[in-house]
Amino acid sequence: AQMSVFGLFNIASAHFPWFLICLSMLMGGSPVQNLMGYFVGHLYWFLKEVHPATAGHRFFSAPTLLRSWIEDEPLAQTAGHGGAVRRG
């Protein structure tokens, strides 16, 4: 998929993180913060989605109190935004 950058030009969405690193460096910043953010994001995604599906062990779960508040009432799926809302 293509992404518009400031409405000036389009780049492939797979290259957008690299564009952000280059932009940060052009503005005098360090790429370390971006790279750490990408690493932490990928690690979280792996531990939240991939690892439980393959190993059956979950690293992250909601606190019991929060789950009890949410699971008391059924949730309806909203087609427009992919979120869940309470019926009523």
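The coordinates are above.
Rules used in this analysis
Residues numbered from 1 in each chain as written. Predicted model: local features only at pLDDT ≥ 70, side-chain atom pairs only at ≥ 80, totals over all residues. Heavy atoms only, no water. Helix = DSSP H or I, 4+ residues; strand = E, 2+ residues; numbered from the N terminus. Buried < 20%, exposed > 50% of the residue type's maximum accessible area, 1.4 Å probe, protein only. Contact = heavy atoms within 4.5 Å. Areas by Shrake-Rupley, 256 points an atom, 1.4 Å probe, with all protein chains shown as cover. Phe/Tyr/Trp six-rings, centres within 6.5 Å; stacked < 30°, edge-to-face > 60°.

Here's the deal with the overall build of the protein chain
A count of helical and extended segments in the protein chain gives three helices and four strands. Taken from N to C terminus, the helices and strands of the protein chain fall in the order β-β-α-α-α-β-β. Evaluated residue by residue, the protein chain yields a buried proportion of 9% over its 88 residues. For the protein chain, long-range pairs separated by at least 24 residues make up 0% of all intrachain contacts whose partners lie at least 6 apart in sequence. Roughly 7,300 Å² of accessible area belongs to the protein chain as shown, and the carbon and sulfur atoms make up 66% of that amount.

Observations concerning the packing of aromatic side chains
According to the stated counting rule, one finds three aromatic pairs in the structure shown. Here Tyr44 and Phe60 contribute two aromatic rings whose centre-to-centre distance is 5.0 Å and whose plane-to-plane angle is 45 degrees, an arrangement assigned as tilted. With Tyr44 in helix 2 (residues 32–55) and Phe60 in the loop between helix 2 and helix 3 (64–71), the pair connects residues that are 16 residues apart, well separated along the chain. Look at Tyr44 and you get partly exposed, because its relative accessible area is 43%. Classification of Phe60 by relative accessible area gives partly exposed; the value is 32%.

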